[in-house]
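These are the residues of each chain, in order.
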Amino acid sequence: MKLYVISLPGASERRERASLQLANAGLSFELFDALSGQQALARGLFECCDDDEWLLNTGREVTPAEIGCFASHRSLWQKCIELGEPIIIMEDDFRLLPGFAGAVAQVVGMIEHYGFIRFQDESRARKQRIGLFGDYTLWRYTKAPHSAMCNAITPQVARRFVEMTRVACEPVDVFIKKFWEHGQPIYGLTPYTVTESRLSQQTFIPDRRKARKNLTIASTRLLRKCSWEVQRVRASRENAKA
């Protein structure tokens, strides 16, 4: 599979560390110049950004960097569709753990069937074991984790994601984790072979602060979160039967 690393053009340390790790793992890759929010909107990569929905979905106001991050992932989803083959998408603040090249080789034979597989570690997620594949175990998340640092995706899933994100109304990882809305189960391969590096603490997405919300917005957001939980549980049960 082709492997793309999203990275801002001026992020020299991140680019160097990402390139060195992947070269040491014996993997070829391409750097993908990350987009700014202004570039994303100016190029029409989204029809618009729905500020009201963003507030209801996240509890905070949108930042330009979040739009740029989402647009970068969405551009690579479109690239996946154009190529007509699965790809791996990474963000440049990763740290590879032992076995990443082996995990990639394993996923090559699995991704067409499962559609979306994470390599990154997680916390506070919930998952069900699907089966053993060589030295690895595949899991389906019943409560998917945040972050979109490293995952494999097929053109079919990429097409669905692109169609459902014409309007930006939440961060990319929030969209991905809501499998009950887009209908694609989210899988993870263990042992996990990617984690956050120290560079992830030096975020390029600043000013993500909770917004003050009036009673109407706060109550609407609470009801929405309750609805998500009901839908998540229902979708998890349906996926388990499939």
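Above this text sits the structure in question.
The paragraphs below set out a description of the structure included in this document. (Residues numbered from 1 in each chain as written. Predicted model: local features only at pLDDT ≥ 70, side-chain atom pairs only at ≥ 80, totals over all residues. Heavy atoms only, no water.)

### Concerning the overall build of the protein
Here is the rule: Only DSSP runs of H or I with at least four residues qualify as helices, and only runs of E with at least two residues qualify as strands; both kinds are numbered from the N terminus onward. Throughout, the radius of gyration refers to the C-alpha atoms, and the reference size of a globule is 2.2 Å times the residue count to the power 0.38. To sort residues, take the accessible area from a 1.4 Å probe on protein chains only and compare it with the maximum for the residue type: under 20% means buried, over 50% means exposed, and anything in between is partly exposed. Between two residues, a contact is recorded if the distance between any of their heavy atoms is within 4.5 Å. Here the open area of atoms and residues is found with the Shrake-Rupley method and a 1.4 Å probe, where only the protein chains shown may cover a residue. Neither His nor the chain ends contribute to the count of charged residues, in which Lys and Arg are positive and Asp and Glu negative. By convention, the charge on Lys lies at NZ, on Arg at CZ, on Asp at CG and on Glu at CD.
A tally of helices and strands in the protein yields 10 helices and 12 strands. For the protein, whose C-alpha radius of gyration is 18 Å, the value lies close to the compact-globule estimate of 18 Å for 242 residues. Projected onto its principal axes, the C-alpha coordinates of the protein cover approximately 55 × 45 × 35 Å. Per-residue burial over the protein gives 50% buried out of 242 residues. Sequence separation of at least 24 residues holds for 80% of the intrachain contacts in the protein that already meet a minimum separation of 6. A total accessible area of about 11,900 Å² is found for the protein, and carbon and sulfur atoms account for 50% of it. In the protein, 34 side chains carry a positive charge and 28 a negative one; their mean positions are 6 Å apart.

### As for the packing of aromatic side chains
Applied cut-off: Pairing of aromatic side chains requires ring centres within 6.5 Å, counting the rings of Phe and Tyr and the six-membered ring of Trp. Pairs whose planes differ by under 30 degrees are stacked, by over 60 edge-to-face, and all others tilted.
Applying the stated criterion to the full structure yields 11 aromatic pairs. On the numbers, 5.0 Å between centres and 70° between planes, the contact of Tyr114 with Tyr187 is edge-to-face. Linking Tyr114 in helix 6 (residues 111-114) with Tyr187 in strand 11 (residues 187-190), this pair joins segments that are 73 residues apart in sequence. Accessibility classification places Tyr114 together with Tyr187 in one group, the buried group. On the numbers, 5.1 Å between centres and 85° between planes, the contact of Phe161 with Phe175 is edge-to-face. Note that Phe161 is positioned in helix 7 (residues 155-163) and Phe175 in helix 8 (residues 172-177), a separation of 14 residues in sequence.

### Some remarks on helix 5 (residues 100-108)
Quick note on the threshold: For this quantity, the arc is that covered by the directions from the helix axis to the C-beta atoms.
Residues of helix 5 that are buried include every one of Phe100, Ala103, Val104 and Val107, and no others. Mapping the buried residues of helix 5 onto a view down its axis gives an arc of 100°, with all of them on the same face.

### Section: the nonpolar core
Just so we agree on the cut-off: Definition of nonpolar core: a set of buried residues of the types Ala, Val, Leu, Ile, Met, Phe, Trp, Tyr and Cys, connected through side-chain atoms within 4.5 Å.
In this structure, Trp77, Ile153, Phe161 and Ile176 are the most contacted members of the largest nonpolar core, which totals 37 residues. Put simply, the parts of the chain that give this core at least two residues each are strand 1 (2-7), helix 4 (64-83), strand 4 (87-91), helix 7, helix 8, helix 9 (179-182) and helix 10 (215-241). Residue contributions to this core peak at six residues, all from helix 4. Residue contacts for Ile153: discarding those within four places in its chain leaves Trp77, Cys80, Pro86, Ile87, Ile89, Ile111, Gly115, Phe116, Ala158 and Phe161. Among the nonpolar cores identified, the runner-up in size contains 26 residues, and Ile88, Ile117, Tyr136 and Leu138 belong to it.

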